[in-house]
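Secondary and tertiary structure notes
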Amino acid sequence: MAFLDDVRRIGKNIAEKGKDVLEITKLNTQIASEKDKIKDLYEKIGEQVYNSYLSSGSSEYEDLCVQIQEIENKIKELTDKVLELKNAVKCSNCGAELTKDTIYCPKCGTKVAN
Ligand SMILES: [Zn+2]
């Protein structure tokens, strides 16, 4: 029966297409995961370049390093505002967040200068 053969053939095609879609999804997931690895490595390269700029004071990528420094200063300013609002200070030794009336840091024992 030609009709039934057609139905079987179409059914088989659909099943194979489904397998292909699954395989494509699997491969795309693998590609995305490999791309993530590259991103992580780019990040490590960036950190190394920036740290070397901080220790040597110069870099081939000075403009970008200066931008990072500016952003870090901005973050420090914003963090200070948050601390101020929380009525807190940071331990100068370990960075622990302490209430303003703390005399000795409970984490590292450093005397807190108030
Ligand atoms: Zn401390």
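The secondary structure content of the protein chain amounts to two helices and two strands. Going from the N terminus to the C terminus, the protein chain shows its helices and strands as α-α-β-β. The C-alpha radius of gyration of the protein chain comes to 29 Å, more than 25% above the 13 Å expected for a compact globule of 114 residues. For the protein chain, the spread of C-alpha atoms along the three principal axes comes to 95 × 40 × 25 Å. Within the span of the protein chain, comprising 114 residues, buried residues form 3% of the whole. Put simply, of all contacts in the protein chain between residues at least 6 apart along the chain, 0% involve residues at least 24 apart.

For helix H1 (residues 2-56), with 55 residues, the first-to-last C-alpha span of 80 Å sits near the 81 Å given by 1.5 Å per residue. Counting buried positions along H1 yields zero of 55 residues, so the element is predominantly exposed. One or two positions beyond H1, positive phi appears at Gly57, with a value near 80°.

One turn of an α-helix holds 3.6 residues; hence residues three or four places apart share an orientation. The first and last C-alpha atoms of helix H2 (residues 62-85) sit 35 Å apart over 24 residues, in line with the 34 Å expected at 1.5 Å per residue. Burial of H2 is sparse: only one of the 24 residues sit out of reach of the surface.

Cut-offs and rules
What you see as residue numbers is a count from 1 along each chain, following the sequence as written. Under the rules for a predicted model, residues below a pLDDT of 70 receive no local features and side-chain atom pairs below 80 are neither given nor counted, while totals for whole chains, interfaces and linings still include all residues. Numbering goes from the N terminus for both helices and strands, where a helix is a DSSP run of H or I of at least four residues and a strand is a run of E of at least two. Throughout, the radius of gyration refers to the C-alpha atoms, and the reference size of a globule is 2.2 Å times the residue count to the power 0.38. Exposure classes come from backbone-placed C-beta atoms, where a residue is buried if 20 or more other C-beta atoms lie within 10 Å of its own, exposed if 12 or fewer do, and partly exposed in between. Our contact criterion uses C-beta atoms placed from the backbone: two residues qualify when those atoms are within 7 Å. Helix span is expected to be 1.5 Å times the residue number reduced by one.

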